[in-house]
Amino acid sequence: MPINITDYTNNILKNISFSLEHGEDLIILGANGVGKTTLAKVLCGIFPSEAVRIDSITPSKIYGETRARLINYIPAKLDVFDDFITVREFLELGLIHGVARGQHPTTVDDVLQMLTIKHLADKACKLLSSGESQLLLIASALLHDAKYTIFDEPTANLDPKKMQILFNILKYDTLLQSKLVITHNLDLAYKLGFNILFLEDGSIKFHGSGSDFFEQSHLDRLFNGAVVKKNNNIVVKL
Amino acid sequence: MKKAVLALALLLLAIAPFFGQIDLPLSRLLESNSMEHKIFFDIRVPRVLLSFFVGGILALGGLIFQTIFRNPMSTPFTLGVASGATLFTAIAIVLGFTALSSLFAFGGAMMTVIILFIVASRFNAYDSTSLLLVGIALSFFYAAALMVMFYISSLQESYEIMRFTMGSLDIVGFKNIIILACASAFLLTVIFKYRYELKLLLTSYEFAYLKGIDVKKTGYIFLFAVSVAVGTAVSFTGTIGFVGLIIPHILKNIYKQSADKLIVPIFFYGGVFLVVSDLIARNLGTASDIPIGVLTSFLGAPFFIYLLIKGRK
């Protein structure tokens, strides 16, 4: 059950087409404002479009558990309206009807433990720091367990230790199915080793393997020498 | 603390019918054909029940509207539902159908909802601000139309219209209480049935969407249920402001729990608040009762300002 987007155009994005097989992962790169988040929202149907098909279904046209199981989007920032919803309550909402209720291998307590936020279980979501909120969002993605999960800059607010935890989840854990990761962290993109989709001026400039993308000559062309590969790390020249 | 408040609330509900302009000695109440018996069972008890149901509906409506519109200041009246009811009552009075004014009021409330639904179908699911603004625009439109009604009405008619806008809990007998009890039951049933959806809406629209919820449809269901219940309440009592604003905010601050857990407390204490407000209004010793809407607004407006100041900090 692949995800397809065919010739999608709006006021930011131009003629976007690509597909991703279920089980494959993808990194989405591109400058600020190029349309990465817009693309993510189009793919999951928050911005409805007929151009998107997951196994020939347009996500924005269906409701309920069927859609929830298909695709999930984890925003860069946690948005909770109610002042008193706790971390635990938020995660319980992540267990979709039917999916959870005992059948899913991961429980709320498991993911809290895994992401080292067990001590926050009864704290109101509104009172979390930006890093803690990010961990909460990742925890909810694990519980939701959609076929495709899009992470929008999941590492933006994480300290180094938490970054390692997240890296291991994205790279090695089998709890998540297909992962699409939007990031500005090129080193993370390189180490994850997923295929790369690079956006420029609203269009797809590159779609291919990580090893091709991170060729020094290719990096030079894309970033005008601002990015170098050093001792197997991707470094931004400052 | 919570238990003490609950005990006090129950006590107030129980004693409310015993206080009013006329003293009712207990011994006379039990005589079935005494005047006191009639006042107690035909006027006082129905009035307390009416206050309770109306207060509950308005408070719960406030909670739901605040959740759907993502705006802590919105109440069932923000979308023009009450102004619609008021305008149509005025029309009924001016046209000489005073006896049917409740029906007209309900029609006005429902017409407003239908207009809102038609307009809302042109917005996307996440654009609740626009809908709120449409509601406010409608309120102003109704207010202007109401002025026209005042202008063309006689002195007596003007007075009747004015009285409706101040809110009143005068009622005789139990027939209308049953209608309000049904409206309350309807609202509570809908909210409980869609409690999971409500909780998801308490996070964010996007989060709710991603869990499979039809955000727009769910919003409509809540909007409709609240409007039917509020429309029914308003058709009997006229405009009673600020209950929907004060009660949800106070209870959230006392309970410190997510709103989906406060459905019953907010309904109950909304009811108690209006019963107590009415108790005060009836017992201030003035020649006639202070209109209930005036009293709740006197309490509510300063609180509204307090919320604004607190929100800025």
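Residues numbered from 1 in each chain as written. Chains lettered and ligands numbered in written order. Predicted model: local features only at pLDDT ≥ 70, side-chain atom pairs only at ≥ 80, totals over all residues.

## Focus on the overall build of chain A
Okay, step 1: Counting secondary structure elements, chain A contains nine helices and eleven strands.
Okay, step 2: By the compact-globule yardstick of 18 Å for 238 residues, chain A fits well, its C-alpha radius of gyration being 18 Å.
Okay, step 3: Summarising its shape, the C-alpha atoms of chain A cover approximately 50 × 40 × 30 Å along the three principal directions.
Okay, step 4: Burial statistics for chain A: of 238 residues in total, 40% are counted as buried.
Okay, step 5: Here the contacts in chain A between residues at least 6 apart in sequence split such that 66% fall between residues at least 24 apart. (Helix = DSSP H or I, 4+ residues; strand = E, 2+ residues; numbered from the N terminus. Rg over C-alpha atoms; globule rule 2.2 N^0.38 Å. Buried ≥ 20, exposed ≤ 12 C-beta atoms within 10 Å, placed from the backbone. Contact = placed C-beta atoms within 7 Å.)

## Points about the pairing of strand S1 (residues 3-8) of chain A
Residue and element names in this part refer to chain A.
Okay, step 1: Relative to strand S2 (residues 16-20), S1 runs antiparallel, the two sharing four bridges. Considered in S2, the bridge of Tyr8 is made with Ile16.
Okay, step 2: Bridging between S1 and strand S4 (residues 52-54) involves three bridges; their strand directions are antiparallel. When the sheet's bridge partners are listed, Ile5 is paired in S4 with Val52. (Pairing = 2+ DSSP bridges.)

## Describing the sheet that holds strand S9 (residues 203-208) of chain A
All names here are of chain A.
Okay, step 1: Read across the open sheet, the six strands follow the order S5-S6-S7-S3-S8-S9; overall the sheet is mixed. With one partner strand each, in any of the chains shown, strand S5 (71-74) and S9 form the two edges of the open sheet. Mean inter-strand twist for the sheet, computed between neighbouring axes without regard to direction, equals 15°.
Okay, step 2: As defined by bridge partners, S5 adjoins strand S6 (residues 148-152) across four bridges and the pair is classed as parallel. The residue bridging Ile71 from the neighbouring strand is Tyr148, located in S6.
Okay, step 3: With respect to the sheet, helix H5 (residues 130-144) is in contact with S5 and S6, its orientation differing from that of S5 by roughly 175°. (Axes fitted to C-alpha atoms, helices over the stretch in contact; angles between N-to-C directions.)

## As for the interface of chain A and chain B
Okay, step 1: Taken together, the contact pairs 21 residues of chain A with 17 residues of chain B.
Okay, step 2: Every element with two or more residues in the side of chain A that touches chain B is listed here: helix H2 (65-70), S5 and helix H3 (87-94) of chain A.
Okay, step 3: Of the residues assigned to the side of chain A that touches chain B, the class counts are 13 nonpolar, two polar and six charged. (Nonpolar A, V, L, I, M, F, W, Y, C, P; charged D, E, K, R; others polar.)

## Some words on the confidence of the model for chain A
All names here are of chain A.
Okay, step 1: Mean pLDDT over chain A: 88, with 96% of residues reaching 70 or higher.
Okay, step 2: Taken element by element, the predicted model of chain A shows its lowest mean pLDDT in H2 (86) and its highest in S6 (94).
Okay, step 3: For residues 98-103, every residue scores under 50 in pLDDT, and the model assigns this stretch eight contacts once sequence neighbours within four places are set aside. (pLDDT = per-residue confidence, 0-100.)

## Regarding helix H13 (residues 263-282) of chain B
Okay, step 1: With 20 residues, H13 of chain B ought to run about 28 Å at 1.5 Å a step, and its terminal C-alpha atoms sit 29 Å apart, in line with that.
Okay, step 2: Across the 20 residues of H13 of chain B, 16 count as buried, placing the element largely inside the fold. (Expected span 1.5 Å × (residues − 1).)

## Structural notes on the nonpolar core
Okay, step 1: Core analysis: the biggest nonpolar cluster contains 155 residues, and Ile28, Ile138, Ala139 and Ile150 of chain A together with Ile57 and Ala233 of chain B have the highest contact counts within it.
Okay, step 2: If you tally residues by element for this core, the top one is helix H3 (residues 35-68) of chain B, at 14 residues.
Okay, step 3: Apart from residues no more than four positions distant in its own chain, Ile57 of chain B is found in contact with Ala183, Ser184, Leu187, Ala229, Val230 and Ala233 of chain B. (Core = buried A, V, L, I, M, F, W, Y, C linked by C-beta atoms within 7 Å.)

## Some details on the sheet that holds S2 of chain A
All names here are of chain A.
Okay, step 1: Pairing within the open sheet is antiparallel, and its three strands lie in the order S2-S1-S4. Looking at which strands have only one partner, the edges of the open sheet turn out to be S2 and S4. Adjacent strand axes in the sheet meet at a mean angle of 10° when their direction is disregarded.
Okay, step 2: Packing of helix H1 (residues 36-44) onto the sheet brings it into contact with S1, S2 and S4, and relative to S1 it is tilted by some 120°.

## Brief notes about the environment of Cys44 of chain A
Okay, step 1: Position of Cys44 of chain A among the secondary structure elements: in helix H1.
Okay, step 2: Spatially, the C-alpha atoms of Cys44 of chain A and Leu70 of chain A are 8.6 Å apart, while their sequence positions differ by 26 residues.

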